[in-house]
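Here's the letter readout for the chains.
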Amino acid sequence: MAYMSAPASTIEDAVLAALATVDDPEIHRPITDLGMVRSATVGGEGVVRVELLLTVAGCPLRDKLRTDITAAVSAVPGVTGVEIDFGVMSPEQRQALQTKLRGGTAAAEPVIPFAQPGSRTRVYAVASGKGGVGKSSVTVNLAAALAARGLSVGVVDADIYGHSVPRMLGANGSPTRVEDMIMPPEAHGVKVISIGMFTAGNAAVVWRGPMLHRALQQFLADVYWGDLDVLLLDLPPGTGDVAISLAQLLPNAEILVVTTPQTAAAEVAERAGAIALQTHQRLVGVVENMSWLELPTGERMEIFGSGGGATVAESLTRTVGATVPLLGQVPLDTRVRESGDAGRPIVLVDPTAPAAVALSAVADRLAVRRESLVGKPLGLKPR
Ligand SMILES: Nc1ncnc2c1ncn2[C@@H]1O[C@H](COP(=O)(O)OP(=O)(O)O)[C@@H](O)[C@H]1O
Ligand SMILES: [Mg+2]
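Keep in mind the model is a prediction, meaning the values are calculated, not measured.

Student: Which residues make up the site of ligand 1, and what values do they have?
Tutor: Around ligand 1, the structure places 15 residues, and the nearest of them are Gly132, Lys135, Ser136, Ser137 and Asn289. Between ligand 1 and Val133, the relevant distance is 3.2 Å, taken from an oxygen atom to a main-chain nitrogen or oxygen of the residue. Contact with the protein chains removes 79% of the 550 Å² of surface that ligand 1 exposes when unbound. More than half of the atoms belonging to ligand 1 lie within 2 Å of the grid points that define the second largest pocket. If one sorts the elements of the shell around ligand 1 by residue count, helix α4 (residues 135-148) sits on top with three residues. For the shell around ligand 1, a count of residues per class yields six nonpolar, six polar and three charged.

In structure tokens form, the structure reads like this:
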């Protein structure tokens, strides 16, 4: 009788339901949705045998998958043990997965999801006039602070000359590939892709414009970012090829200018910001970094002078004819450097430090999710 087998099918259903709670650590979707569970059988003694297909051989996250699957399946009543056999997807299976992740269409030309009209991802390109002003430190702290607020955050380290984002975030993993897609490593809830992950060792690479353009395009189109709330790009200092490529690839990116209080730094920061006028990109605001050092007496020592941030904000406001606010002033603090060197952003490890408070306040102002304009009435009236 069919009913007699009900208990057996129930435990199998329960095992499948348990497997559906396990997410692939990279793709962040249930392994059952991704075609990774080839079979799951319950043996006579309550031992469950799972055949799992990894996206790539030597998948670095195999142990994590083993732990997560074992924990989930062991919790099913009646299960006495879990055995996992790892296999690898065939090229066809990987292709099917890629198609699925790309939204069901096997697009010949990968598209940049953030540049699509309906995209709700806010894209901020962090720019500076010159190097060493703290552009990367600001980028990683904003990313970590936004992720800590529960937002889905990605960072593209596009600073070809000084890619430092992975180290500052402690994202030491390497990207893995699924067919043409790149899975970004993640740290502190932030997905990271860096140009440094694609160059051998510390080799200095001479990047020419077209090559850079293609690299940036690949980072934006071929990386599986998922549904991001915020994407931050750490641009190289100055007004070079990357800024121009970015404007072409992501015309909706908003520019965040980082400067120090110093007059010279402020002048070049203004120039970096002013190209937004030519590229028709919005300037979201200015962050002044290294604003002062607080002495034990409570006095503020203005090591790099004062006023740079306000000057840049005012000047850019005049240039573009729209308010470009000074979003924050971040004091000098050795903990900013130390936490960056340790791969643990100060906003996470020392959130009450004045520098962390200032950075978190900037993050708050950037956190608002863009509302999709798709399907919205334009409010046009016949005359
Ligand atoms: N507010 C700050 N206080 C102390 N050190 C800082 C601060 N901001 C940045 N630094 C340090 O200054 C150096 C340059 O910062 P970085 O973020 O790498 O600049 P950029 O990306 O503009 O070249 C790094 O060693 C960093 O740790
Ligand atoms: Mg940098």
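Still more to cover.
Student: So what about empty space enclosed by the protein? Which residues, and what values?
Tutor: On inspection of all chains with the given rule, the structure shows three cavities of 30 Å³ or more. Looking at the largest cavity, its volume works out to about 50 Å³. Around the largest cavity sit Ala127, Leu235, Gly238, Ala243, Leu246, Ile255, Ala272, Ile275 and Gln281, which together line it. For the lining of the largest cavity, the elements supplying multiple residues, two or more each, are α7 (241-249) and α8 (263-279). Looking at side-chain class alone, the lining of the largest cavity contains seven nonpolar, two polar and no charged residues.

Student: Just give me the short version of the nonpolar core, but keep the residues and values in it.
Tutor: Leu142, Val190, Leu232, Leu256 and Leu366 are the most contacted members of the largest nonpolar core, which has 40 residues in total. For this core, the element with the most residues is α4, which contributes eight residues. Ignoring any residue separated from it by four or fewer positions in sequence, one finds Leu256 in contact with Ala125, Val126, Ala127, Leu142, Val284, Gly285, Val287, Leu327 and Leu366. Core analysis: the next-biggest nonpolar cluster, separate from the first, contains 39 residues, Leu216, Trp225, Leu246 and Val312 among them.

Student: Outline the layout of surface pockets, supporting the account with residue identities and numerical values.
Tutor: When its volume is computed, the second largest pocket comes out at roughly 380 Å³. Surrounding the second largest pocket, 24 residues form its lining, Gly132, Gly134, Ser137, Met168 and Met290 being those nearest its centre. When contributions to the lining of the second largest pocket are tallied by element, the ones reaching two or more residues are α4, α5 (165-169), β12 (282-294), β14 (326-332) and α10 (334-341). Counting residues per element, the lining of the second largest pocket draws most heavily on α10, at five residues. Residue composition of the lining of the second largest pocket, grouped by class: eight nonpolar, ten polar and six charged.

Student: Quick one: what's the story with the packing of aromatic side chains, residue by residue and with numbers?
Tutor: Any aromatic ring pair is given by two values, namely how distant the centres are and how the planes are angled relative to each other. The full count for this structure, using the stated rule, is zero aromatic pairs. Cation over ring: Arg62 sits above Phe86, and NZ or CZ is 4.7 Å from the ring centre. We note Arg300 situated over the ring of Trp292; from NZ or CZ to the ring centre the distance is 3.8 Å.

Student: An account of the packing of α8 against helix α9 (residues 308-320) is needed here, citing residue identities and associated values.
Tutor: The relative placement of two packed helices comes down to the angle between their axes together with the axis-to-axis distance. Axis separation between α8 and α9 bottoms out at 9 Å; the angle between their running directions is 30°. Taken together, α8 and α9 sit at an angle that is classed as roughly parallel. Where α8 crosses over α9, the two elements pack in a sense that is right-handed. Between α8, through Ala266, Ala269, Glu270, Gly273, Ala274 and Leu277, and α9, the contact on the second element is made entirely by Gly308, Thr311, Val312, Ser315, Leu316, Thr319 and Val320.

Student: Could you give me a rundown of the confidence of the model for the chain, with the residues and numbers involved?
Tutor: On average, residues of the chain score 87 in pLDDT, and 90% of them are at 70 or above. Below a pLDDT of 50 lies the segment residues 1-6, which in the model reaches zero contacts outside its immediate sequence neighbourhood of four places, other chains included. Confidence drops under pLDDT 50 across residues 372-379; counting only partners more than four residues distant or on other chains, this segment forms five contacts.

Student: Run through unusual backbone geometry, naming residues and quoting values.
Tutor: Located in the positive-phi region is His188, a residue other than glycine, with phi close to 50°. In this structure His188 comes out as partly exposed when scored by relative accessible area, which is 35%. Here the phi dihedral of Met290 falls at roughly 65°; this positive angle occurs in a residue that is not glycine. Looking at where Met290 falls in the secondary structure, it is placed in strand β12.

Student: Account for the pattern of salt bridges, with residues named and values stated.
Tutor: Following the criterion strictly, the structure yields 14 salt bridges and no others. With a closest N to O distance of 2.9 Å, Asp68 and Lys64 form a salt bridge. With Asp68 and Lys64 both in helix α2 (residues 62-74), this residue pair falls four residues apart, about one helical turn. According to the relative accessible area criterion, Asp68 is partly exposed, its value standing at 23%.

Student: For the side chain of Thr121, give the residues involved together with the corresponding values.
Tutor: As for its position among the elements, Thr121 is in the loop between α3 (91-101) and β4 (122-128). Among the polar contacts made by the side chain of Thr121, one reaches the main-chain carbonyl oxygen of Leu228 at a distance of 2.7 Å.

Student: Requested: an account of the pairing of strand β2 (residues 47-54), with residues and values cited.
Tutor: Here strand β1 (residues 37-42) runs beside β2; their pairing, made up of five bridges, is antiparallel. Residue pairing across strands places Thr41 opposite Arg49, the latter belonging to β2. Counting the residues that bridge the hairpin from β1 to β2 gives four residues, and of these Gly46 lies at a positive phi of roughly 85°. The pairing of β2 with strand β3 (residues 81-88) spans eight bridges and is parallel. Bridge assignment links Arg49 to a residue of β3, and that residue is Glu83.

Calculation rules
Here, residues in each chain are numbered from 1, in the same order as that chain's written sequence. Key to labels: chains lettered from A, ligands numbered from 1, both in the order written. Restriction of local features to residues with pLDDT of at least 70 applies here, the model being predicted, together with a cutoff of 80 or more for giving and counting side-chain atom pairs; totals for whole chains, interfaces and linings are based on all residues. Excluded from the side-chain calculation are hydrogens and water; included are all heavy atoms of the structure. Consider each residue's heavy atoms; a residue with any of them within 4 Å of a molecule or strand counts as near. Polar contact is the term for a pair of N or O atoms within 3.5 Å; when the atoms are in protein, one must be able to donate a hydrogen and the other to accept it, and sequence-neighboring residues count only if both atoms are side-chain atoms. To measure how exposed things are, a 1.4 Å probe is used in the Shrake-Rupley method; for residues, cover is taken only from the protein chains shown. Every definition here rests on a 1 Å grid over the protein atoms only: cavities are sets of points where a 1.4 Å probe fits but cannot get out, pockets are open sets enclosed by protein on both sides within 12 Å along at least five of seven lines, and lining residues have some atom within 4 Å of a point. A cavity or pocket is said to hold a molecule if more than half of that molecule's atoms lie within 2 Å of its grid points. The way it works is that DSSP assigns letters per residue, a run of H or I at least four long becomes a helix, a run of E at least two long becomes a strand, and they are numbered from the N terminus. Note that Gly is not counted as nonpolar here; it falls among the polar residues with everything else outside the nonpolar set of Ala, Val, Leu, Ile, Met, Phe, Trp, Tyr, Cys and Pro and the charged set of Asp, Glu, Lys and Arg. Grid points are joined across faces, edges and corners, and a volume is the space filled by probe spheres set on the points. Buried Ala, Val, Leu, Ile, Met, Phe, Trp, Tyr and Cys residues that are joined via side-chain atoms within 4.5 Å together make up what is termed a nonpolar core. Burial here depends on accessible area, computed with a 1.4 Å probe over protein chains only, as a share of the maximum for the residue type. Under 20% is buried, over 50% is exposed, and the range in between is partly exposed. Here, two residues are considered to be in contact whenever any of their heavy atoms come within 4.5 Å of each other. Ring pairs are drawn from Phe, Tyr and Trp, using the six-membered ring of Trp, whenever the two centres fall within 6.5 Å, and their geometry is named by plane angle: stacked under 30 degrees, edge-to-face over 60, tilted for the rest. Distance and angle both matter: a charge sits over a ring if NZ of Lys or CZ of Arg is within 6 Å of the ring centre and within 35 degrees of the ring normal. Comment: axis = line fitted to C-alpha atoms, over the contacting stretch for helices; angle = value between 0 and 180 degrees taken between N-to-C directions. We call two directions roughly parallel when the angle between them is under 35 degrees, roughly antiparallel when it is over 145, roughly perpendicular when it lies between 65 and 115, and oblique otherwise. Should the near helix be turned anticlockwise from the far one by less than a right angle, the crossing is termed left-handed; should it be turned clockwise, right-handed. Per-residue confidence from the predictor is reported as pLDDT, which spans 0 to 100. Whenever a carboxyl oxygen of Asp or Glu lies within 4 Å of a side-chain nitrogen of Lys or Arg, that contact is scored as a salt bridge. Strands are treated as partners if at least two bridges between them are detected by DSSP.

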